[in-house]
Amino acid sequence: MFGIRSNNIGIDLGTANTIVYAEGKGIVLREPSVVAKNTKTGEIVSVGSEARDMIGRTPASIVAIRPMKDGVIADYDTTVAMMKYYIEKAMGKRSNKPYVMVCVPSGVTEVEKRAVIDATRVAGARDAYVIEEPFAAAIGAGLPVMDPTGSMVVDIGGGTTDVATISLGGIVSSRSIRLAGDKLDDAIIYYVRQKYNLLIGERTAEQLKMDIASASVEAAKDLDDQTIRGRDLVTGLPKTIEIPAVDVAEAIQEVIQEIITAIKETLEETSPEIAADVIDHGIVLTGGGAQLRHLPEVISDATKVPVFVASEPLDCVAIGTGESLKSIDVMKKK
C-alpha cells in the first residue's frame, strides 16, 4: 500500500471530454476526447482541441475519431495514445509514473472495466484503479457519501447518463443508460434533416444545444432563434436557415424523457428511508448535460422531488475521482 503522493492523478475519461485532476493542484487539464490519425501510417497527428477542430474537415488520409463511445473504450490503441498524451501533459516533465484513478459508468462490464485499467497502465500509469462515475460525481459535488443518509446524483455526460442513490460509502441503486449529450446532438441532427431537409454536422448540433436548447418546449418559446448553416439535401448546395428554439426543444424531448424514466426507475428501487432522504435533500445534477436549460424544473416536475445543479457540474466527476485517491486503500478493496 502507499500513502498520498503528489503524483497521483484522477482522470474523468469521458466520451466527449477528458478532464485530469492532479492531487494538490486540482484540475490541470480539460480537453476533448478526440484523436486525429493518419490512416496510411497509423501515426497520431493531433490530440484534444486541435483534433476536434478537424472533425468533418479532414482530407482522406487523416481521420478524426473519438475513441470512447457510450462511456467505454471503442478503440483500444487510440485510447492508449490519447491517455498517454494527457498523462504526460498533466505530469509535466516529471519521470515518476503516477498512480491513476479513472472513472467508469456504473453499468460497465468487468471486461470493459479491465480494458480501462489495462489501457491506463499501458499509457504510463504505475498502477490504475477505477471508480464508478455517479459515486465520483457525488464526491465532487460535495454530497455526504460516507454518512448514513441517502443522496441521489444524476450525471449526464457525453456518452452515458448515470443515475444512483448513495449511502454509507456505496451505491444503493443505480441505472446507466447510453443516452446523454451525444444522443441530444444526434436528435437535433435528425430533426433538422427531417423538418428542413438540411444536413448539419456534430459541431453545429452541439452549438445549437449549448446556445438555445431547452428541456421544456413551453419555456423554449421565450428563447431566441439561431442561424445555422448546412447542406441542402435537395440541391446539395450550402444553405443558411433560422431555427427556432422550440424546434430544438422538440428534437430532444425523447432523450429527456428516457433520462427521466431512468431517474424514476432508480427511485422505485430505493428503500423508503433513502427515498425520504432524497425528498429532503433533493436530486443533484452533474456533468455537461446538467447545464441544459430548464432541465432541473422538468425533472422536478416529473419526480415531485427538488432538483439542483452542482456548483461545478462539468468538473464534479474529475474532482471526485481525484479526491478518492486520498482513500486509495479503500478503493483497492472494492
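Residues numbered from 1 in each chain as written. Predicted model: local features only at pLDDT ≥ 70, side-chain atom pairs only at ≥ 80, totals over all residues. Heavy atoms only, no water.

An unreviewed UniProt entry lists the protein chain under the name Cell shape-determining protein MreB, from Ligilactobacillus saerimneri 30a. According to UniProt, the comment filed for the protein chain under the heading Subunit (unreviewed entry) is "Forms polymers." Listed in UniProt under the heading Function (unreviewed entry), the comment for the protein chain reads: "Forms membrane-associated dynamic filaments that are essential for cell shape determination. Acts by regulating cell wall synthesis and cell elongation, and thus cell shape. A feedback loop between cell geometry and MreB localization may maintain elongated cell shape by targeting cell wall growth to regions of negative cell wall curvature." (UniProt positions renumbered as here; feature names shortened; annotations may be inferred.)

Chemist: I would appreciate a short explanation of the overall build of the protein chain in the present structure.
Modeler: Along the protein chain, the regular secondary structure elements total 13 helices and 18 strands. For a compact globule of 334 residues, the expected C-alpha radius of gyration is about 20 Å, and the protein chain comes in at 20 Å, within 12% of that figure. Its C-alpha atoms give the protein chain principal-axis dimensions of roughly 65 × 55 × 30 Å. Here the protein chain holds 334 residues, and the buried ones make up 53% of them. Summarising the internal contacts of the protein chain: among those between residues at least 6 apart in sequence, 63% fall at separations of at least 24. Carbon and sulfur atoms make up 50% of the accessible area of the protein chain, which totals about 15,000 Å². The protein chain carries 36 positive and 47 negative side-chain charges, and their two centres are separated by 8 Å. (Helix = DSSP H or I, 4+ residues; strand = E, 2+ residues; numbered from the N terminus. Rg over C-alpha atoms; globule rule 2.2 N^0.38 Å. Buried < 20%, exposed > 50% of the residue type's maximum accessible area, 1.4 Å probe, protein only. Contact = heavy atoms within 4.5 Å. Areas by Shrake-Rupley, 256 points an atom, 1.4 Å probe, with all protein chains shown as cover. Lys, Arg positive; Asp, Glu negative; His and termini not counted. Charge placed at Lys NZ, Arg CZ, Asp CG, Glu CD.)

Chemist: Quick question: what am I supposed to make of unusual backbone geometry here?
Modeler: A negative phi angle characterises most non-glycine residues, just as the trans form characterises most peptide bonds. Its identity is not glycine, yet aspartate 70 carries a phi of approximately 55°, on the positive side. Here aspartate 70 lies in the loop between strand E7 (68-69) and strand E8 (72-73). Aspartate 70 sits in the buried class, given a relative accessible area of 16%. Residue asparagine 197 is not a glycine yet carries a positive backbone phi of 55°. With respect to the helices and strands, the residue asparagine 197 is situated in the loop between helix H5 (181-196) and strand E14 (198-199).

Chemist: What is the right way to read the domain arrangement of the protein chain from this model?
Modeler: Where interface size is given, it is often the accessible area lost as the parts come together that is meant. The domains assigned to the protein chain are domain 1 (7-32 + 68-133 + 314-330) and domain 2 (144-308). Taking the mean C-alpha position of each, domain 1 and domain 2 sit 25 Å from one another. Counting residues at the interface gives 14 residues for domain 1, matched by 16 residues for domain 2. Here domain 1 packs against domain 2, burying approximately 1,100 Å² in sum over the two surfaces, 51% of which is carbon and sulfur. Among the residues of domain 1 in contact with domain 2, Asp70, Ser106 and Leu314 are the three that bury the most area, contributing 44% of the side total. (Domains from an automatic or database assignment. Buried area = accessible area lost by both parts, 1.4 Å probe.)

Chemist: Sorry, what's going on with the environment of valine 102 here?
Modeler: Along the polypeptide, valine 102 turns up in strand E9 (residues 99-104). Owing to a relative accessible area of 1%, valine 102 belongs among the buried residues under this scheme. Between the C-alpha atom of valine 102 and that of glutamate 297, which follows or precedes it by 195 residues, the distance is 32 Å. Residue contacts for valine 102: discarding those within four places in its chain leaves Ile11, Leu13, Met83, Val116, Thr120, Tyr129, Val130, Ile131 and Thr321.

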